[in-house]
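# Summary of the model geometry
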Number of protein chains: 2
Amino acid sequence: MRDAAATSALAKPAATILDSTRLIAIDWGTTSARAYALDAAGEVLARRSATLGVQYVANGDFAGALATLTEGLSGAAPMLACGMIGSRQGWVEVPYEGCPARFEEIATGVVAVPGTRLSIVPGLLHRDDAGIADVMRGEETQIVGTVLDDAPQLVVLPGTHCKWALVRKRTIVAFSTFMTGELFAVLREHSILGRLMTAGDDAGALARGVAWSLRENAALTHDLFSARTLPLTGALAQSAAADYLSGLLLGAEIVAARRWIAQHAAADAAVTLVGDAALCERYAVALHLANLDARIGATTASARGLWQIALHAGLVHS
Amino acid sequence: MRDAAATSALAKPAATILDSTRLIAIDWGTTSARAYALDAAGEVLARRSATLGVQYVANGDFAGALATLTEGLSGAAPMLACGMIGSRQGWVEVPYEGCPARFEEIATGVVAVPGTRLSIVPGLLHRDDAGIADVMRGEETQIVGTVLDDAPQLVVLPGTHCKWALVRKRTIVAFSTFMTGELFAVLREHSILGRLMTAGDDAGALARGVAWSLRENAALTHDLFSARTLPLTGALAQSAAADYLSGLLLGAEIVAARRWIAQHAAADAAVTLVGDAALCERYAVALHLANLDARIGATTASARGLWQIALHAGLVHS
């Protein structure tokens, strides 16, 4: 499945797309929903997105939202969705699968929505050594779509809640969530740190924040205050404060993630970043400062993963 | 100066209060302003408070705000204020004094507001070993009003931005800010963690959160997510989630503060909490879990401190 295929496929007549479509793959999250028409090889024929995320679906009318999202895309092909659509706030609550989770096992947890052609992929639940749960919905599918061989891999999925997942032999062994994205958003929009912040893109300030959090005695709840005092004392341009804050939070995540990697004896695993391109680039820069080199994965990881899971679930056949 | 004096003094006729007043002491912060009429012994004769904090003073009319705040309290006595009124956003920007700061030295930085009977106490600026500035405005005065002898003391001032200050021989040697209060507020009000939170007062959940952050491999940006997953998986009552989150943040602060204490070889210093009574009590519980026992100081620390600084500055005489 190559991205280039999507663009050329879109040039085909709609009827051709409908005829060739074997699966409607849907990445249905909290804020947005993205649908992909996939052909018999799992290639993207057409794509559609809408701000019909779970939190924007009025009165629980998920059927109506699905119809809007897939209008013109959907012939008789089965549909498979991942993400928050399977959460308690979604259409049908799909129980979490446990970890370690083999890619094939994830498919066994797929649940059909009664009266529709839609099925939903389960999220994953992982318990750490102390028994505290961590959860994901949607990222498991991106991971399945990213890891194509048996080599150990760390898949990092930046976003509101960044996930670090360890994959060995096409099995999600463990994962850990970091609230870095949401912390940045609430601090920037609602705290004193954001009050004077202007938009900027200052790689030096990002690196400075990362480095400060990487030092031995870093203490985030204290260090955050430097995003106020450095501009206050003229030691950082106000326009650089947002990148510096982002760096502080990223650095704190990386310190904790490195410890998590060591706990899982996963220092040998290659690191792949999956998600929004600009955010992945930012993570790659920060990781490099911590001597972790990462490659950036394909942006169609959800569609790829849904295709793989649909194959395992017998919804489509290769 | 005893709190009890205030209540009895208020029963005196207003004219008597005016006659006896030697200083109007004002704790003038970001959101609120509190004024105290102090007699020749520094005792509180009357008090007044108003939501006339710096951010609520319209059109820079600080003179009008001062008149409103002190109406009926103010005869010919001098006035001394501390807090954000001396910041860039306040009436007159009073330069920070450096650290270490002897209590008497703070008085040398007092600045008179032209055309008024009001003077303003300087804030303090402390640079850590890396040269990064930390700042306070108002807390230096509370510290002066709290520490009455030469013994080493750690004064902890919980609030939006909690300050830990090390005092030796009536000198503020160093201090460090933790954004714990603001982090709690923005996460509770604006993040996914607060979405389902209900008001509660669950000492067990507070302790659980503190303990979790005190463990060796604590990682705040990850651990915060447990304030979501524990209720999600039925491992914590939703009504206990706010206290658990508060505990996580408090624990993270204490871990960092203990390291800061060790860096300053201050393990022998007694700990005194100063501020809002309920918040101090919460901190005392959390500190006790970390084997730090704290006493709770007087709530009139600002008025006491302003009196001491006024004496040093020659605004009043004992």
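## Here's the deal with the overall build of chain A
- Along its length, chain A carries twelve helices and 15 strands.
- In terms of overall size, chain A behaves like a compact globule, its C-alpha atoms giving a radius of gyration of 21 Å where 318 residues would be expected to give roughly 20 Å.
- Taken along its principal axes, the extent of the C-alpha atoms in chain A is 65 × 40 × 35 Å.
- Counting all 318 residues of chain A, 53% fall into the buried class.
- For chain A, long-range pairs separated by at least 24 residues make up 65% of all intrachain contacts whose partners lie at least 6 apart in sequence.

## Structural notes on the relation of the copies chain B and chain A
- Screw-axis analysis of chain B against chain A gives a translation of 0.0 Å along the axis, an RMSD of 0.0 Å, and a rotation angle of 180°. Such a combination of turn and shift is consistent with a two-fold rotation axis. For chain B, the residue whose C-alpha comes nearest the rotation axis is V186(B), separated from it by 3.1 Å.

## Let's talk about the domain arrangement of chain A
- Here chain A is partitioned into domain 1 (3-148 + 299-313) and domain 2 (180-296).
- Its C-alpha centre places domain 1 of chain A at a distance of 31 Å from the equivalent point of domain 2 of chain A.

## Some points on the pairing of strand β11 (residues 153-157) of chain B
Residues and elements named next belong to chain B.
- Counting buried positions along β11 yields five of five residues, so the element is predominantly enclosed.
- Residues Q153, V155 and L157 point to one face of β11 and L154 and V156 to the other, with burial holding for every one of them.
- Pairing geometry for β11 and strand β12 (residues 162-168), over five bridges, is antiparallel. Paired with L157 across the strands is K163, a residue of β12.
- Where β11 folds back onto β12 in an antiparallel hairpin, the turn is made up of four residues.

## What about unusual backbone geometry?
- Following C99(A), the chain continues to P100(A) via a peptide bond in cis, the omega torsion being 0°.
- Looking at the secondary structure, you find P100(A) in the loop between β5 (97-98) and β6 (101-102).
- In this structure, K169(B) takes a positive phi of about 50° despite not being glycine.
- In this fold, K169(B) is placed in the loop between β12 and β13 (171-178).
- One non-glycine residue, N291(B), lies in positive phi territory at about 60°.
- Judged by the 9 C-beta atoms lying within 10 Å of it, N291(B) falls in the exposed class.

## Description of the packing of helix α7 (residues 203-214) of chain A against helix α11 (residues 277-289) of chain A
All names here are of chain A.
- The N-to-C vectors of α7 and α11 enclose an angle of 45°; their axes lie 10 Å apart at closest approach. On the basis of the axis angle, α7 is oblique to α11. Both α7 and α11 take part in a crossing whose hand is right-handed. Two secondary-structure elements touch here, α7 through A203, L206, A207, V210, A211 and L214 and α11 through R282, V285, A286 and L289.
- For the contact of α7 with α11, the residue count by class is nine nonpolar, no polar and one charged.

## Details of helix α5 (residues 139-146) of chain B
- Most of α5(B) is tucked away: eight of the eight residues are buried.
- If you check which residues of α5(B) are buried, you get E139(B), E140(B), T141(B), Q142(B), I143(B), V144(B), G145(B) and T146(B).

## Some thoughts on the packing of helix α6 (residues 180-190) of chain B against helix α10 (residues 241-263) of chain B
Residue and element names in this part refer to chain B.
- The interhelical angle for the contact between α6 and α10, taken along N-to-C directions, is 150°, at an axis separation of 10 Å. Between α6 and α10, the crossing angle belongs to the class labelled roughly antiparallel. Judged by the sense of rotation from one axis to the other, the crossing of α6 with α10 is right-handed. In this structure, α6 contributes T180, L183, F184, L187 and R188 to the contact, and α10 contributes A242, L245, S246, L249, L250 and E253.

## Description of the interface of chain B and chain A
- Taken together, the contact between chain B and chain A spans 34 residues of the former and 34 residues of the latter.
- Taken together, the elements giving at least two residues each to the side of chain B that touches chain A come down to β10 (133-136), β13, α6, α8 (220-223), α9 (226-232) and α10 of chain B.

## Overview of the sheet that holds strand β14 (residues 270-273) of chain A
- Strand order in the open sheet made by the six strands is β6-β13-β12-β11-β14-β15 (chain A), with mixed pairing throughout. Two strands in the sheet have a free side with no partner beyond their single neighbour: β6 and β15 (294-296) of chain A.

## Here we look at the confidence of the model for chain A
- Confidence in the prediction of chain A, expressed as mean pLDDT, is 93, and 96% of residues score 70 or more.
- Scoring of the predicted complex yields 0.92 for pTM and 0.92 for ipTM.

## Digging into helix α12 (residues 301-313) of chain B
All names here are of chain B.
- The end-to-end C-alpha separation of α12 is 18 Å, in line with the 18 Å expected for 13 residues at 1.5 Å each.
- Most of α12 is tucked away, with ten of its 13 residues classed as buried.
- By the burial criterion, the buried members of α12 are A301, S302, A303, R304, G305, L306, W307, Q308, I309 and A310.
- In this fold, the buried residues of α12 make contact with β1 (23-28), β2 (33-38), β3 (44-50), β4 (79-82), α4 (103-108) and α5.
- Looking one or two residues beyond α12, the residue adopting positive phi is G314, at roughly 75°.

What counts and what doesn't
Residues numbered from 1 in each chain as written. Chains lettered and ligands numbered in written order. Predicted model: local features only at pLDDT ≥ 70, side-chain atom pairs only at ≥ 80, totals over all residues. Helix = DSSP H or I, 4+ residues; strand = E, 2+ residues; numbered from the N terminus. Rg over C-alpha atoms; globule rule 2.2 N^0.38 Å. Buried ≥ 20, exposed ≤ 12 C-beta atoms within 10 Å, placed from the backbone. Contact = placed C-beta atoms within 7 Å. Least-squares fit on C-alpha atoms with pLDDT ≥ 70 in both. Domains from an automatic or database assignment. Pairing = 2+ DSSP bridges. Axes fitted to C-alpha atoms, helices over the stretch in contact; angles between N-to-C directions. Parallel < 35°, antiparallel > 145°, perpendicular 65-115°, else oblique. Left-handed = near helix turned anticlockwise from the far one by under 90°. Nonpolar A, V, L, I, M, F, W, Y, C, P; charged D, E, K, R; others polar. pLDDT = per-residue confidence, 0-100. Expected span 1.5 Å × (residues − 1).

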